[in-house]
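Read off the chains here:
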Amino acid sequence: MEHVIEPLRGLDWNDIDAVEHATRKALTQLADDPDLIRAALLELPNRPELLALCEHYDILDKIVLYQNDAGIRVRLHVFLPGYFDRPHNHRWSYASRIVRGEYRHYLFGDLDVDAEPEPGSLAALQVRQEQVGDSYALHHSMVHAVVAEPYTVSLVIRGPAVKERFLVMDRGTGEHWWQYGAEQETAGDAARKRMTRERLDELTGLLREWDLF
């Protein structure tokens with residue numbers, strides 16, 4: 001996987017046009033080489049530094065397949081039944097490609113999240129239906145949300161983190177809160193979301209059953 005990601009090492013992750021161009025090529029290479037993804041999945045139990053980054057939530061799984069010293073990661077996201085998203089920005093710019101299923105993608109724009117905008121005032125400026133084969137790049141300042149079909153799977157390449165926190169907003173309740181990177185998490189919070197080896201094995205079986213990797 002290193003040879004696919006190496007060209008991204010010198011990328012300016014604030015130049016989202018360049019990010020989209022470069023990551024689209026990398027994501028296509030990864031999607032077109034299921035043996036490469038399968039090998040990374042099967043190797044994960046022997047890579048404790050990567051397995052420690054994999055996360056399991058009640059409606060989403062994040063599998064980290066690769067990380068380098070430039071802060072670039074390759075992940076698989078598996079969206080589970082009931083998945084919905086609250087508008088949020090990110091701590092990094094990233095690119096994604098749908099490899100199974102689809103999701104409704106709401107883009108709210110480049111908001112001043114430090115001003116903690118009123119969630120009820122948010123209005124989507126663009127709505128997309130992301131389907132198999134679709135890819136896009138998103139700047140870390142963009143506020144967006146996703147509503148995914150059950151068992152949608154995406155390949156994600158994320159750039160290096162550029163800030164400590166991001167804002168999550170709930171338009172239904174009017175609540176908002178900050179979330180922070182792993183460096184500022186408590187041991188209990190980290191343990192609660194850490195993926196177990198058993199869950200990784202289950203996901204690997206599902207990905208094989210779906211004839212993806």
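Provided above is the structure to which this section pertains.
Below is a summary of the structure that appears in this document. Just so it is clear, the model here is predicted, and its values are computed rather than measured. (Residues numbered from 1 in each chain as written. Predicted model: local features only at pLDDT ≥ 70, side-chain atom pairs only at ≥ 80, totals over all residues. Heavy atoms only, no water.)

Considering the overall build of the chain
- Tallying secondary structure elements over the chain gives 6 helices and 11 strands in all.
- For 213 residues, the compact-globule estimate of 2.2 N^0.38 gives 17 Å, and the chain sits close to it at 17 Å.
- Each principal axis of the C-alpha atoms in the chain carries an extent, and together these give about 45 × 40 × 30 Å.
- In the chain, the share of contacts with a sequence separation of at least 24, taken over all contacts with a separation of at least 6, comes to 74%.
- For the chain, the exposed area adds up to about 10500 Å²; of that, 48% sits on carbon and sulfur atoms.
- Positive and negative charge centroids in the chain, built from 24 and 36 side chains respectively, lie 2 Å apart. (Helix = DSSP H or I, 4+ residues; strand = E, 2+ residues; numbered from the N terminus. Rg over C-alpha atoms; globule rule 2.2 N^0.38 Å. Contact = heavy atoms within 4.5 Å. Areas by Shrake-Rupley, 256 points an atom, 1.4 Å probe, with all protein chains shown as cover. Lys, Arg positive; Asp, Glu negative; His and termini not counted. Charge placed at Lys NZ, Arg CZ, Asp CG, Glu CD.)

Let's talk about the environment of N89
- The topology assignment puts N89 in the loop between strand 3 (73-79) and strand 4 (94-100).
- C-alpha of N89 to C-alpha of L41: the two residues are 48 residues apart in sequence and 28 Å apart in space.
- Among residues more than four places away in sequence, those in contact with N89 are V113, H140, S141, M142, V143, K163, F166 and L167.
- For N89, the side chain forms a polar contact with the main-chain nitrogen of L167, separated by 2.8 Å. (Polar contact = N/O pair within 3.5 Å; in protein donor to acceptor, adjacent residues only side chain to side chain.)

Here we look at the side chain of S93
- Along the chain, S93 falls in the loop between strand 3 and strand 4.
- In this structure S93 comes out as buried when scored by relative accessible area, which is 2%.
- At 3.2 Å, the side chain of S93 and the backbone nitrogen of H140 are in polar contact.
- The residues touching S93, leaving out its near neighbours within four places in the chain, are W13, I16, L138, H139, H140, R158 and G159. (Buried < 20%, exposed > 50% of the residue type's maximum accessible area, 1.4 Å probe, protein only.)

A word on the sheet that holds strand 6 (residues 126-131)
- With antiparallel pairing, 3 strands are arranged side by side in an open sheet as 6-5-8. The open sheet has two edge strands, strand 6 and strand 8 (142-148), and neither has a second partner. Across the sheet, the mean angle from the axis of one strand to that of its neighbour is 25 degrees, orientation sign disregarded.
- Bridging between strand 5 (residues 102-110) and strand 8 involves 7 bridges; their strand directions are antiparallel. Bridge assignment links H105 to a residue of strand 8, and that residue is V146. (Pairing = 2+ DSSP bridges. Axes fitted to C-alpha atoms, helices over the stretch in contact; angles between N-to-C directions.)

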